[in-house]
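Listed here are the chains, written in short residue letters.
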Amino acid sequence: MNATALIAEDEPLLAANLQAELARLWPELTIVANVGHGAAAVERALALRPELLFLDIRMPGMTGLEAAQALAEDWPDDAALPLIVFVTAYDQYALQAFERAAFDYVLKPVQPARLAQTCARVQAALQARAAASLQAPAALDATLAQLRQLLAAPGLAATRTAPTLLSVIQASVGAAIHMVPIDEVLYFEAADKYVRVITAAREYLIRTSLRELLPQLDAQRFWQIHRGTVVRADAIATAVRDESGKVHLSLRGHADKLVASRLYAHLFKAM
Amino acid sequence: MMPSTPATTTVLGPAPHRRARFAVRGLRSLGFGVAIGLLLTGAFGTPLWPNLVQSVCIATLCWFTIDLGRIPLAAWKHRHDPPGSPEAASHWPGWPLMVIALVVGTVIGFSVGNELAGLILGREMPGYLRGSWRQALALLLGSLVPGTAITYWFYSRETIAAKEAAVQTAQRQAAEHQLKLLESQLEPHMLFNTLANLRVLIGVDPARAQAMLDQLIAFLRATLAGSRAAQHPLRAEFARLADYLALMQVRMGARLQTRFELPEALAELPVPPLLLQPLVENCIKHGLEPAVAGGRIEVSAAREADELVLRVRDTGAGLAGAAAGGTEFGLVQVRDRLAALYGARASLRLTDAAGAEGGALATIRLPIANP
């Protein structure tokens, strides 16, 4: 069957090999792009909308898992989310996580027999999807649940619990360091290599990544609602779900509106 | 290097453990009492039951009063040792204090045990309190000899057990360290990715595959033998790093560039094998792998006064970018090796590299043995 795929793999030889093996096993599969890092994978996938992604786990900049998360959050509602196959050389945490979440993966070096199995499964899934016309909500929900499970897997995502939790945020403003009590923070937002810290009174910029900050926050009080947003749960006033599955949040004492992505929408349920 | 071990002398370990050992010593003393009673009956033909009662009472009470003296004496003796140290936890007061505990403990233990036996048997027993001083002295000596022998026996048993435990702990720690070292050098992810690349190369470029395999063999040989050889020439060190980086270059392609600078005059200087390997690995792992564009790794040697200065720098993410996710195992290992071999005369410094290209710089300074 005809299909389109994107390969994200930072090692050029392995990328070429995967492409060659796929050409042999599945000649009708068109590789629309072959990229070397996670950010490029997200950008090319959004532009070209392939039906299948091969994502290497360890890549410079953004890992394969982070790329998958970004795509699940940013993928347009009018198109079906691509099927994802993770590729890894050796990573016991990743393998355990994939097995548990029933996510498809291939090991490097790619074994043709194993890759053939994966191709057969992917073809079956694509056919089922075509028969159901576009993407059945149930299938999307299943994929999101799998991704959520992977993101929570120990050792796989970057979120490890830090030995100590932050009680103040030290933000530099000009020559002064402002000590911002963590209870005053409404939400954190990733901005490239910085994080914006928003309080009711004002906003600060700290030189750290959200990935490093996250383990130092109390996960009960600060909820991640998007790959780039962490909000203090008791600062949320209302949560309204739209038809695409995103949740729109309003805050107490602040005019900003936040959006929780489909990956985190399950956090907002009535008791 | 012998790591400090938690057990060196007698009666250590957590409280339940200590109580168990206390009970075991009590039972053993009881056993000794029985043995002495049997011995007396065998030797003098006196009735067994009174002998047994008397020797068991005396032996257990002697043990009890001796232990009662020994433990506070040991605590007093070790009062200045830092809490938690093996000395502070030790219940061995040393022989001079132990002799006092023995004599006092034996006199009290003997007297009380003797009276107790008398009560049980319903008759008056000869002892220190009755009869002549000559008799008392004979009794004291008679009970001190087995007391001392038994104490010595307990002491050597526990010392031997503690020493065995210490040796086992040291061996286990050394083996664990060795394993961790090997694991860090033969990181599975690196190995499998290299093999995956090799497998592809065999199909598309057999000559390059062969060259890559040779480099992998040289790298594996050096890694596995590295812990055994004490020194190798700097030339060999650079060659092994070149092998490793060539392997990485097959994987990373244009994202990895390398530069080596080894003045001929320094090439034969001896260095510990694979000393620089963890530093180069750090450049790859924390410097270049996170950088989308990759970068360059430079390894250089220079002589500054009587020091050999080895520098490993990269143009990657820099120290701030690499702060998260490292265990510092590589750095700790290099520092440990330097300290073990050169003491305070060698150093390792990790800094941000100067210049617009950024990245990190590791500088090792070693004394040159024969200037």
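Residues numbered from 1 in each chain as written. Chains lettered and ligands numbered in written order. Predicted model: local features only at pLDDT ≥ 70, side-chain atom pairs only at ≥ 80, totals over all residues. Heavy atoms only, no water.

1. As for the sheet that holds strand 4 (residues 295-304) of chain B
Residue and element names in this part refer to chain B. The strand order 2-4-5-7-6 describes an open sheet built from 5 strands, whose pairing is mixed. At either margin of the open sheet sits one strand with a lone partner, and together these are strand 2 (256-261) and strand 6 (347-352). Averaged over neighbouring strand pairs, the angle between their axes works out to 15° when direction is ignored. Pairing geometry for strand 6 and strand 7 (residues 360-367), over 6 bridges, is antiparallel. (Pairing = 2+ DSSP bridges. Helix = DSSP H or I, 4+ residues; strand = E, 2+ residues; numbered from the N terminus. Axes fitted to C-alpha atoms, helices over the stretch in contact; angles between N-to-C directions.)

2. Some remarks on the nonpolar core
Residues Leu279(B), Leu308(B), Leu338(B), Ile364(B) and Leu366(B) are the most contacted members of the largest nonpolar core, which totals 47 residues. Element by element, the count of residues in this core is highest for helix 8 (residues 234-252) of chain B, at 9 residues. Setting aside anything within four residues of it in sequence, one finds Leu308(B) in contact with Leu234(B), Leu266(B), Leu269(B), Val271(B), Ala301(B), Ala302(B), Ile364(B), Arg365(B), Leu366(B) and Ile368(B). If you look at the next biggest cluster of nonpolar residues, it comprises 38 residues, including Val35(A), Trp75(A), Phe103(A) and Ala153(A). (Core = buried A, V, L, I, M, F, W, Y, C linked by side-chain atoms within 4.5 Å. Buried < 20%, exposed > 50% of the residue type's maximum accessible area, 1.4 Å probe, protein only. Contact = heavy atoms within 4.5 Å.)

3. Things to note about the packing of helix 6 (residues 188-204) of chain B against helix 8 of chain B
All names here are of chain B. Running from amino to carboxyl end, helix 6 crosses helix 8 at an angle of 65°, the nearest separation of the two axes being 10 Å. Helix 8 is crossed by helix 6, and the crossing has left-handed handedness. From helix 6, His189, Met190, Asn193, Thr194, Asn197 and Leu201 reach across to helix 8, where they touch Tyr244, Leu247, Met248, Val250 and Arg251. Of the residues assigned to the contact of helix 6 with helix 8, the class counts are 6 nonpolar, 4 polar and 1 charged. (Left-handed = near helix turned anticlockwise from the far one by under 90°. Nonpolar A, V, L, I, M, F, W, Y, C, P; charged D, E, K, R; others polar.)

4. Side note on a nonpolar patch on the surface
Residue and element names in this part refer to chain B. Nonpolar side chains collect at one region of the surface, where Trp95, Val99, Ile100, Val103, Val104, Val107, Ile108, Val112 and Tyr152 lie side by side and expose about 730 Å² of accessible area between them. Topologically, Ile108 is positioned in helix 4 (residues 95-121). Under the relative-accessibility criterion, Ile108 is labelled partly exposed at 41%. (Patch = residues over 30% accessible without salt bridge, like charges linked within 9 Å, V, L, I, M, F, W, Y side chains within 5 Å. Areas by Shrake-Rupley, 256 points an atom, 1.4 Å probe, with all protein chains shown as cover. Salt bridge = Lys/Arg side-chain N within 4 Å of Asp/Glu carboxyl O.)

5. Here's the deal with the packing of helix 2 (residues 38-48) of chain A against helix 3 (residues 64-74) of chain A
Residues and elements named next belong to chain A. As a packed pair, helix 2 and helix 3 sit with axes 9 Å apart at the nearest point and diverge in direction by 30°. Our classification of the angle between helix 2 and helix 3 gives roughly parallel. For the crossing formed where helix 2 meets helix 3, the hand is right-handed. Residues Gly38, Val42, Ala45 and Leu46 of helix 2 touch helix 3, and the partners they reach there are Ala67, Ala70, Leu71 and Asp74. A breakdown of the residues in the contact of helix 2 with helix 3 according to their chemical character gives 6 nonpolar, 1 polar and 1 charged. (Parallel < 35°, antiparallel > 145°, perpendicular 65-115°, else oblique.)

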